[in-house]
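The primary structure of each chain is shown beneath.
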Amino acid sequence: MEQALQSNETINIFMNDFELDKISRIQTEEKTSNTNNQQQQEIRTYRDNSAGNKNKKEKKYKEALECYSQAINLDPNDPILYSNRSLMHINLSEFNEALEDANKAISIKADYAKAYLRKGTALKGLNDIEGALAAFKDGLTKDPNNTQLKDAVAEIEMQTQNPLQASSHSET
């Protein structure tokens, strides 16, 4: 009887070890699968962003917008994707959508100066000059050496100080 109990204990230990080993293998496979899925997602995001950049350079703004949208669907926490899509909306004179994407980029990464440039440009397109100036200046607090932001502030300040001179200057 005692030998039978020892035999049963040995079988139980063996089965528990076997089950633990099986569970461990399954967990490892799941981690590997998740890593592979994550890597595949990163590759698709990179591909879509790269295609967007290519279309942007070729001035195919609607196509670029679609590529950035696809990349955002894969990685909704990347502020650069929102900033890039915001620029495409600006190029298509879709300023409300551009503003929405710029604000989303800022909400993800508050110190991302380029997102403030997009926000200011969108606000300027919506004829909110004071808001645009505030956005450009906010961006300069994040990146005081950003030439694009400095130029945007200078342009608005010049326009608001001497509107006639600014409008004739911008036409040349």
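Treat the numbers as computed from the prediction; the structure is a model and nothing was measured.

Criteria and thresholds
Residues numbered from 1 in each chain as written. Predicted model: local features only at pLDDT ≥ 70, side-chain atom pairs only at ≥ 80, totals over all residues. Heavy atoms only, no water. Helix = DSSP H or I, 4+ residues; strand = E, 2+ residues; numbered from the N terminus. Expected span 1.5 Å × (residues − 1). Buried < 20%, exposed > 50% of the residue type's maximum accessible area, 1.4 Å probe, protein only. Arc of directions from axis to C-beta. Contact = heavy atoms within 4.5 Å. Polar contact = N/O pair within 3.5 Å; in protein donor to acceptor, adjacent residues only side chain to side chain.

### Describing helix α2 (residues 61–74)
The first and last C-alpha atoms of α2 sit 20 Å apart over 14 residues, in line with the 20 Å expected at 1.5 Å per residue. Among the residues making up α2, those that are buried are Y61, A64, L65, C67, Y68, S69, A71, I72 and L74.

### Considering unusual backbone geometry
A positive phi angle, close to 60°, is found at K59, a residue other than glycine. Checked against the element boundaries, K59 lands in the loop between α1 (2–57) and α2. With a phi angle near 65°, N127 is a residue other than glycine that sits in the positive phi range. Assignment of secondary structure puts N127 in the loop between α5 (113–125) and α6 (129–142).

### Thoughts on helix α7 (residues 147–161)
Taking 1.5 Å as the rise per residue, α7 with 15 residues should run 21 Å; its terminal C-alpha atoms sit 21 Å apart, in good agreement. Of the positions making up α7, those classed as buried are L149, A152, V153 and I156. Looking straight down α7, one finds its buried side chains confined to an arc of 95°; they lie on one side. Away from its buried face, by an angle of more than 90 degrees, α7 presents the exposed residues T147 and Q161. Those residues of α7 that are buried lie in contact with α5 and α6. Regarding α7, its N-cap is N146, as a side-chain oxygen of that residue lies 3.0 Å from the backbone nitrogen of Q148 further along.

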